[in-house]
Amino acid sequence: MAQSSMQNIAREFPVKSGVDRKDRKKLAQMLTKIVGSSHVLYAKIRGVHWNVVGPAFYSLHKMTEEQYEDLNTAIDDMAERIRAIGFSAPTGLATMMEDSIITDQTSLINANDMVQELVEDHEKMACLLRDGVGAADEVDDVKTADMLTERVGVHEEAAWMLRAIIS
Ligand SMILES: [Fe+2]
């Protein structure tokens with residue numbers, strides 16, 4: 001009998017990578033938090049990209065474009081990593097917002113405040129990612145640790161560049 005399409009749902013895969021299921025599950029939860037937070041940050045960065053005005057318009061418009069494009073790729077890689085370690089990737093904006101450590105911004109605030117908020121958000125992301133590296137290292141998931149290590153640097157650099165613009 002043909003399987004109904006309802007059964008084609010991403011389920012947990014048996015993975016024998018040398019990392020225990022309970023450890024992989026913990027990492028999947030950590031990655032889910034990172035993916036959710038990255039989604040909220042992505043939306044915030046685009047809000048700045050679209051709405052920024054003032055003397056730093058061009059630099060901020062350009063810089064934010066680079067940042068959200070980079071985040072878009074990273075979100076995809078990290079969500080796919082959750083699948084590769086055996087679990088389902090998050091789906092739905094509401095779920096991702098629930099998992100996010102980054103607070104959504106729904107009102108228009110002045111350019112300096114918007115950028116200041118992004119600086120703090122990038123710093124929060126760097127901290128979260130650093131925790132993720134620690135958790136992945138602890139259970140010898142070298143691939144996840146490697147992926148997240150690179151992201152720590154990206155967010156630290158993004159915070160520095162944005163801060164330099166408003167200094
Ligand atoms: Fe654009």
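These numbers were taken from a predicted model, which means no experiment stands behind them.

## Digging into the overall build of the protein
Alright, step 1. In terms of regular secondary structure, the protein is built from five helices and zero strands.
Alright, step 2. When its C-alpha atoms are laid out on the principal axes, the protein stretches across 65 × 40 × 20 Å.
Alright, step 3. When each of the 167 residues of the protein is scored for burial, the buried share is 41%.
Alright, step 4. In the protein, once contacts between residues fewer than 6 apart in sequence are set aside, the share between residues at least 24 apart is 79%.
Alright, step 5. Per element, the accessible surface of the protein, about 9,600 Å² overall, is 53% carbon and sulfur.
Alright, step 6. In the protein, the 18 positive side-chain charges and the 27 negative ones have mean positions that sit 7 Å from each other.

## Regarding the packing of helix α1 (residues 21-51) against helix α4 (residues 111-138)
Alright, step 1. Packing of α1 against α4 leaves a shortest axis separation of 10 Å and a crossing angle of 165°. Our classification of the angle between α1 and α4 gives roughly antiparallel. Judged by the twist between their axes, the crossing of α1 over α4 is left-handed. Contacts between α1 and α4 involve Leu27, Met30, Lys33, Ile34, Ser37, Ser38, Leu41, Lys44, Ile45, Val48 and Asn51 on the former and, on the latter, Met114, Glu117, Leu118, Asp121, His122, Met125, Leu128, Leu129, Asp131, Gly132, Ala135 and Ala136.
Alright, step 2. Residue composition of the contact of α1 with α4, by class: 13 nonpolar, five polar and five charged.

## Focus on the environment of leucine 128
Alright, step 1. Checked against the element boundaries, leucine 128 lands in helix α4.
Alright, step 2. Among residues more than four places away in sequence, those in contact with leucine 128 are Met30, Lys33, Ile34, Ser37 and Ile101.

## Focus: the side chain of arginine 24
Alright, step 1. With respect to the secondary-structure elements, arginine 24 resides in helix α1.
Alright, step 2. Among buried charged residues, arginine 24 stands out as having no salt bridge; its nearest opposite-charge side chain is glutamate 12, 4.8 Å away.

Basis of the calculations
- Residues numbered from 1 in each chain as written.
- Predicted model: local features only at pLDDT ≥ 70, side-chain atom pairs only at ≥ 80, totals over all residues.
- Heavy atoms only, no water.
- Helix = DSSP H or I, 4+ residues; strand = E, 2+ residues; numbered from the N terminus.
- Buried < 20%, exposed > 50% of the residue type's maximum accessible area, 1.4 Å probe, protein only.
- Contact = heavy atoms within 4.5 Å.
- Areas by Shrake-Rupley, 256 points an atom, 1.4 Å probe, with all protein chains shown as cover.
- Lys, Arg positive; Asp, Glu negative; His and termini not counted.
- Charge placed at Lys NZ, Arg CZ, Asp CG, Glu CD.
- Axes fitted to C-alpha atoms, helices over the stretch in contact; angles between N-to-C directions.
- Parallel < 35°, antiparallel > 145°, perpendicular 65-115°, else oblique.
- Left-handed = near helix turned anticlockwise from the far one by under 90°.
- Nonpolar A, V, L, I, M, F, W, Y, C, P; charged D, E, K, R; others polar.
- Salt bridge = Lys/Arg side-chain N within 4 Å of Asp/Glu carboxyl O.

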